[in-house]
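This is what each chain is made of:
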Amino acid sequence: MTLTKRRSPTTVVRVVVALVGVGCLLLTAGGAVKAAGRGVAILHDPEYDLPPRQFQADYETLWRQFVEQVPSGSRVAITPPQTDAEHWQQRLTEFAVLNGCVVVQGADRDYSVGVVQVKRKRPTGPGVRLVVRKVG
Amino acid sequence: MLPLLPPFLLVFEPAYQWDAHSIWWLHAGYFANGGEYARAAIGNPALLFSHTDYPPLASAPAAVVWSVVEPDFRTAQVVSALVTFSAIAMLVYLVRRTLHGASARLAWALAAGVGLACWSTASYGVAGGLADALWSAAFAGAVVALLLGADPLRQPLLPLLLLTVSAVSKNEGLVAAVGVAVLVTLRARGEPRRAALVWLPVLAGVAWAVLARLLGARSDITGDGSGRVAPVDLGAVQRFQLTVSALWDVVGPLLAGAAVVALLGTLFLRRQRRATGLSPDGWVWAANGYYLAVLVWTYLSGPNDIEWWLTTSVDRVTLPVIQLAVVSCAGWVAVAFGGGREVGPHPVRDEPPKPVLSGATGQAGD
């Protein structure tokens, strides 16, 4: 005679709850795995995913030029660039605020500030240059 | 906390995230230039795109650092990331503390799992200089302490601090904090004086909202701000369908799995849950359902082009939904593995807990 041991419903539910619950936790850990992999790749490969590095080079270059050419406290109007206008309008406004300038939309301004594209000398080099025109 | 370190390596990513620059570091810039400059900037129509009505906490740490050293985006990114990481660490700690009825190893593993979920849908959010992971981790931590634990208001300082972080980091965080305050007030209806504490974070968030309005800030949600207006006005039904579809793509499978776990647990493991020292799971789901409903309503009623709006935000604003779903799962997994075990002394308590709230152990309706 063979005796079969029957599991109680509660035990079965515990197993299902544990499996599905852990499955959900593992599902949401996927983003962390992806972030870790990307972090490692960024640290090991200087040319991994170039566009973000190029953006950073552009921002740092423009910011440096902004501080050098536009005195803090000036009234600044942003000249909308021909390409990627929204992007550069917002970045230049950000640099103006960081430099303590007053961003104005009307004619009452000390400087007009814009951006022009330049050829990158190396893949992670800057691809933009600041254009500043003194008005007042 | 060790499992949280590898994904944090993304802090070495170039500082290029759009919202970090256009919103949070721009705000840090005007705060670093002093109160008078900041007041003028908040009401400046040229900064409309920057959501100057957003609360100040996510920008404040970078502003403090920039008032000492020259503004630099890499510094701002590291500072923002460290602040967000500290909120995630507090969430992990509170999950571990609340799951004291499970074995220490299991509780830590589940807490780490909840922490890792902060990178789930928007892995760039934690270390990229954005505020979404900060407020949602703080919000989830407050929910864990105030709604998952059996005796939440006994040690209220940390959860109230986290709820304040949520309320003064982003507008969604304030709305979410209101929901938690309502739920905690319901739980603690026998002790209104203690429950009133939970409205302090809401008060802080509302104070900022009023101040920003007085200074001239405008909001895209209320239709007078910087959003992208739809080229064609879609009807409410179409907006609803697009919203639900986008939400399902991001959180649907997880919510379905978590709902199965919660349903099975509620039907078969309630006694074991009580023995593990957790409150009924309905409180966490109520907080999650409330936030999800607010999210859907916001997408339906907002003036922005719905397709653009969903594409640019749904992965970030659903973070709290994911975190609360995994908090629910973690609670039930702890019950499934260790339920029925008598709860020993709480590792951080120095006296037996008092059952204060209506949903607490021994008072639950189940």
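In this text the structure is predicted, and so the values were computed from the model without any measurement. Sequence order as written defines residue numbering, which begins from 1 separately in each chain. Labels are handed out in written order, letters beginning with A for the chains and numbers beginning with 1 for the ligands. Under the rules for a predicted model, residues below a pLDDT of 70 receive no local features and side-chain atom pairs below 80 are neither given nor counted, while totals for whole chains, interfaces and linings still include all residues. The basis for every side-chain value is the complete set of non-hydrogen atoms in the structure, without hydrogens or water.

Chemist: Help me out: how do you make sense of the sheet that holds strand β1 (residues 75-78) of chain A in this one?
Modeler: Strands in a sheet are paired, the pairing made by backbone hydrogen bonds, and the direction either parallel or antiparallel. Residues and elements named next belong to chain A. If you trace the four strands from one edge of the open sheet to the other, you get β2-β1-β3-β4, paired in mixed fashion. Sheet topology places β2 (102-103) and β4 (128-134) at the edges, where each strand pairs with a single neighbour. Pairing geometry for β1 and β2, over two bridges, is parallel. Within β2, the position partnered with R75 by the bridge is V102. Helix α3 (residues 50-69) contacts β1, β3 (111-117) and β4 of the sheet and is inclined by roughly 20° relative to β4. Strands β1, β2, β3 and β4 of the sheet are contacted by helix α4 (residues 85-98), whose axis makes an angle of about 130° with β3. Two strands are counted as paired when DSSP detects at least two bridges linking them. Runs of H or I in DSSP of at least four residues are treated as helices and runs of E of at least two as strands, each being numbered from the N terminus. By definition, residues are in contact when any of their heavy atoms lie within 4.5 Å. All axes here are fitted lines through C-alpha atoms, helices being fitted over the stretch that makes contact, and every angle between N-to-C directions spans 0 to 180 degrees.

Chemist: Help me out: how do you make sense of unusual backbone geometry in this one?
Modeler: Glycine aside, residues mostly have negative phi, and peptide bonds are mostly found in the trans state. Residues and elements named next belong to chain A. Although it is not a glycine, D49 sits at a positive phi angle of roughly 50°. Only protein chains enter the accessibility calculation, which uses a 1.4 Å probe; a residue is then buried when its area is under 20% of its type maximum, exposed when over 50%, and partly exposed in between. For D49, a relative accessible area of 29% translates into the label partly exposed. Located in the positive-phi region is D84, a residue other than glycine, with phi close to 55°. With respect to the helices and strands, D84 occurs in the loop between β1 and α4. By relative accessible area, which is 45% here, D84 ends up partly exposed.

Chemist: It is not clear to me how the packing of aromatic side chains should be interpreted in this structure. Could you clarify?
Modeler: One pair of aromatic rings is described through two measures. These are the centre distance and the angle between the planes. Two aromatic rings, drawn from Phe, Tyr or Trp (for Trp, its six-membered ring), form a pair once their centres lie within 6.5 Å of each other, and the interplanar angle then sorts them: stacked below 30 degrees, edge-to-face above 60, tilted otherwise. Counted according to the given criterion, the structure contains 14 aromatic pairs over all chains. An angle of 80° between the planes, with centres 6.1 Å apart, marks the rings of Y59(A) and W88(A) as edge-to-face. Here Y59(A), found in helix α3, pairs with W88(A), found in helix α4; they are 29 residues apart in sequence, far enough to count as distant. In this structure Y59(A) comes out as buried when scored by relative accessible area, which is 2%. The exposure class assigned to W88(A) is buried, which follows from its relative accessible area of 3%. Residues W25(B) and F73(B) carry aromatic rings whose centres are separated by 6.2 Å and whose planes lie at 20° to one another, so their mutual orientation is stacked. Note that W25(B) is positioned in helix α2 (residues 18-32) and F73(B) in helix α5 (residues 73-98), a separation of 48 residues in sequence. Exposure class is identical for W25(B) and F73(B). Each is buried. Among the aromatic side chains, those forming a connected cluster through ring pairs are F55(A), Y59(A), W88(A) and Y16(B). In this scheme, Lys NZ or Arg CZ marks a charge over a ring once it lies within 6 Å of the ring centre and within 35 degrees of the ring normal. The cationic tip of R91(A) hangs over the ring face of Y59(A); the distance from NZ or CZ to the ring centre is 5.6 Å.

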